Structures are given as C-alpha cells and as structure tokens.
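So you can see what is in the structure, the chains are spelled out below.
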Amino acid sequence: MNESMPVLRIGKYQPRYPLIQGGMGVDISGPNLAGHAAKFGAIGTIASVGLAHNSPLFVPEKHNYFEANEIVVKEAIKRAKEIAGSEGIIAVNCMVALTDYDRQVRAAAEGGANIIISGAGLPLRLPDYTKDFPDVALIPIVSSAKAASLITRHWEKKYNRLPDAFIVEEPATAGGHLGAMTIEQVYDPALRLEKAIPDVVRYVTEEMKSDIPVIAAGGIWDKEDLKRVFNLGAKGVQMGTRFACTVEGDASERFKQAYIDAKPEDVVLINSPAGLPGRAIKNPFVAKYLDGTVESKPCFANCLTHCKYRKTKETFCIAAALVDAQVGNWETGLFFCGSNVIKANKIERVQDIISELFE
C-alpha cells in the first residue's frame, strides 16, 4: 500500500486498505458484494434492512418478516465470510430508524459480524444490544461533532464504552437517507466534509483523548477524493455508490444500468416516508411522487418506527419501492444513489476498483 495512506484500525480489526464498502439497503450490498470487498482487502458491508424480501422464509400471510430477516441476516454473514476467507472483515449496517433495529443488531452480532455500523438516527442503545459480544466493533454514522459528542457521552455514562470509530457522512453528496433533518439542511456548509471531518477529529483527539479513527463518507469515488479527505484528518473512507455498480453487486442488472444511464439532472432529493431527506434517481416513480400523483404498493413489513405512509397513507411504502428497484422495476422502483452516480459509466469489478484506488 502507498506509504501516504493511513492505517485503519477499528477495534480488533485492521483491513489491508483503509476502505469500507458502504452498506446499501434492501440487498444492494448483500453477501456477494460484501464478501468480495472483504476478500480484496476492504471492509465488506452487508445492509441488514430488507434482506428477507426475496427469501422463501418470508411468508406475507404469516406476517413473519422480522423473524425471517433475522435468519437471513445470519445466513448472509456466513455466505460473505465464505467468500472473503479467514482474513476478511465483514460489517453489517443496521439503521436506527427500523422497527426491528434491536433484532437486526443482535442477529448481526450472533451471526458473526466483526463490525456493526449504525446510522439513520442516533444509535444510543447500540452497546446494550451487543453487550454479549465484546469483540464486535461499533461505528456510529454522524454528520457533525455535536452528534459524535452526544453519542459518546451517552455510551460512556450508561455503558462504560466508547465508539470504535466514527463515520462522518456528508449529506450533500451521500446516497440514500441523508444525515440531515430537512432538504434545506442537506447543503448546510457546516455538514460538508471539509468542516465536519476536522471538527470530529478535533473532538476525538482533544475531548475524548482518543485515537479512534474518523472515516469519511459521501462523494468518495477516486484517488483524488481519498487524498482530499486523508488531508483533512480522516483515517479511512466509506464508498457506496461506485460499488453498487459492480459485477459482484447483489442488485439486478437493470438496477446497475440505471446507474450507468444517470445524468446530472436525474439526481434529485426527496422527502422519504421515514421523515428524512434522501437522494435518488428521477425515474417515472420518483417523478410521480414529486408531482404528488404517485400510487403505492401496500405496506408489507411495518419496517420503520416513523412512517408517513403507514400512518396517513400519504407518500409511499418505501420497502416496496426499494424492492422494486433492487429487482429492476424501472417504472415503480426507488433507485437510491449518491451524487457521484453520474460518474458510473460501466460495470466494474470490485478487485479493479480497489486496485485502482490503492495500488
């Protein structure tokens, strides 16, 4: 590895390269993508949300989605580790906003995840759910030093432990649900990596008196992006969008083609049914939603703790829309993406991306 690259150590785990393949929900980053990312020296990440959507274990008539998803999370970790090999490091991304957040975290820990990454809300109880698994490293996703401080103080007071790293995600460029409360806040200069990374690094070193790594996320694509955030003090990067459009990516070929076809004017912000802003490709479904004329498939999982669609039947069932995108239904799917989706012009291989970045 290039000598200018930092060493990324998270708890007991040190990947060959300071790179986390980002978690992308509803089986965009499933076991195949995560396993290959870990095999070639990064940290591979499975997103726990929605993994059971295509599993025979999930029978809608039995309303057993949560139970099925726990089993499938464990199966996905096992499969990813088989691909990655004994040295591979597998993380699981669990969203705080999920109804079964605690169950997904426990399933990930029981299934052998090395690291649990948690965002879409403040993971204040994460140490409680993993208390029987001391070797599992815990990484909150934050957008500011204020959020990092709030989490740290709560964990230290209630659980006598600290985070093993922070991922600082920039709403202005990240994909999917964003670390901002409103669409207007997405472009707040205080949340840009140029401001947030040094702020969180300063908090970690000066107030926490710690050397835990700060990891940059949002808008990471090439070597120049790595150099930029390493110069800000980051010890690692998380990259999602570029890995979604790979041979090993778990999404359908039609999903990947949507990324390749995306133009700047196709990338838009929406208000998610979860009450958070999100970034997506403007396909027919999103266009109708922005016009106020979208029709939704029925809710099948009650997956979100706060869901506008479930409460009022306004907006749409996000789980159904994300499933449609994953399987390639262009007309009815919600294709979440990062701002860099416009740079995707071909389907790459995971190994080639990592080699290009670091070798």
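Residues numbered from 1 in each chain as written. Predicted model: local features only at pLDDT ≥ 70, side-chain atom pairs only at ≥ 80, totals over all residues. Heavy atoms only, no water.

J.: Please clarify how helix H5 (residues 145-159) should be interpreted in this entry.
T.: Counting along an α-helix, one turn takes 3.6 residues, and residues three or four places apart therefore face a common direction. In a regular helix each residue adds 1.5 Å, so 15 residues correspond to 21 Å; H5 covers 20 Å between its end C-alpha atoms and thus fits that length. Contacts made by the buried residues of H5 are with helix H4 (126-129), strand E5 (137-142), strand E6 (166-169) and helix H6 (193-207). Looking at the residues trailing H5, positive phi occurs at Asn160, about 55 degrees. (Helix = DSSP H or I, 4+ residues; strand = E, 2+ residues; numbered from the N terminus. Expected span 1.5 Å × (residues − 1). Contact = heavy atoms within 4.5 Å.)

J.: Looking at this model, I keep getting lost on H6. Mind explaining?
T.: Here H6 contains 15 residues, and its C-alpha end-to-end distance of 20 Å stays within 8% of the 21 Å for a straight helix at 1.5 Å per residue. Within the sequence span of H6, burial applies to Leu193, Ala196, Ile197, Asp199, Val200, Tyr203 and Val204. Within H6, the buried residues cover an arc of 165 degrees as seen down the axis, which keeps them to one side. Phi turns positive one or two residues past the end of H6, at Lys209, with a value near 55 degrees. (Buried < 20%, exposed > 50% of the residue type's maximum accessible area, 1.4 Å probe, protein only. Arc of directions from axis to C-beta.)

J.: When you look at the pairing of E6 in this model, what are you seeing that I'm missing?
T.: Here is the key point about a regular strand: its side chains alternate between the two faces of the sheet. Burial along E6 is two-sided: Phe166 and Val168 and Ile167 and Glu169, pointing in opposite directions, are all buried. Following the backbone out of E5, through H5 and into the adjacent parallel E6, one traces a crossover that is right-handed. (Right-handed = clockwise from strand over helix to strand, strands pointing away.)

J.: I tried to follow the pattern of salt bridges on my own but got confused; where do I start?
T.: Pairing is possible between side chains that carry opposite charge, provided their charged atoms lie close to one another. What the rule picks out here adds up to 19 salt bridges. For Lys131, the salt bridge goes to Asp128, with nearest N and O atoms at 3.5 Å. Looking at Lys131, the relative accessible area reads 61%, which means it is exposed. The buried category is assigned to Asp128, whose relative accessible area is 18%. Taking the shortest distance from any N to any O, the salt bridge between Arg242 and Glu348 comes out at 2.9 Å. You can see Arg242 sitting in helix H8 (residues 241-244) and its partner Glu348 sitting in the loop between helix H12 (318-327) and helix H13 (350-358), a full 106 residues away along the chain. As far as burial versus exposure is concerned, Arg242 and Glu348 are alike and both buried. Salt bridges linked by common partners bring Glu67, Glu70 and Arg103 together as one network. (Salt bridge = Lys/Arg side-chain N within 4 Å of Asp/Glu carboxyl O.)

J.: When you look at the nonpolar core in this model, what are you seeing that I'm missing?
T.: Generally speaking, nonpolar side chains in soluble globular proteins are found buried as a group. Core analysis: the biggest nonpolar cluster contains 112 residues, and Leu19, Ile116, Tyr259, Leu334 and Ile354 have the highest contact counts within it. Top contributing element to this core by residue count: helix H2 (residues 65-84), with 9 residues. Sequence-distant contacts of Ile354, that is, excluding residues within four places in its chain, are made with Tyr17, Leu19, Ala37, Phe40, Ala42, Phe243 and Glu359. Membership of the second largest hydrophobic core comes to 16 residues, among which are Ile139, Ala165, Ile215 and Ala217. (Core = buried A, V, L, I, M, F, W, Y, C linked by side-chain atoms within 4.5 Å.)

J.: Would you mind showing me how to read the packing of H2 against helix H3 (residues 101-110) here?
T.: Relative placement of two packed helices is described by the angle separating their axes and the distance separating the axes. The geometry of H2 relative to H3 is characterised by a closest axis approach of 8 Å and an angle of 30 degrees between their N-to-C directions. Considering their axes alone, H2 and H3 lie roughly parallel with respect to each other. Judged by the sense of rotation from one axis to the other, the crossing of H2 with H3 is right-handed. The segment H2 lies against H3, with Phe66, Glu67, Asn69, Glu70, Val73, Lys74 and Ile77 engaging Arg103, Gln104, Ala107, Ala108 and Glu110. Counted by class, the contact of H2 with H3 contains 5 nonpolar, 2 polar and 5 charged residues. (Axes fitted to C-alpha atoms, helices over the stretch in contact; angles between N-to-C directions. Parallel < 35°, antiparallel > 145°, perpendicular 65-115°, else oblique. Left-handed = near helix turned anticlockwise from the far one by under 90°. Nonpolar A, V, L, I, M, F, W, Y, C, P; charged D, E, K, R; others polar.)

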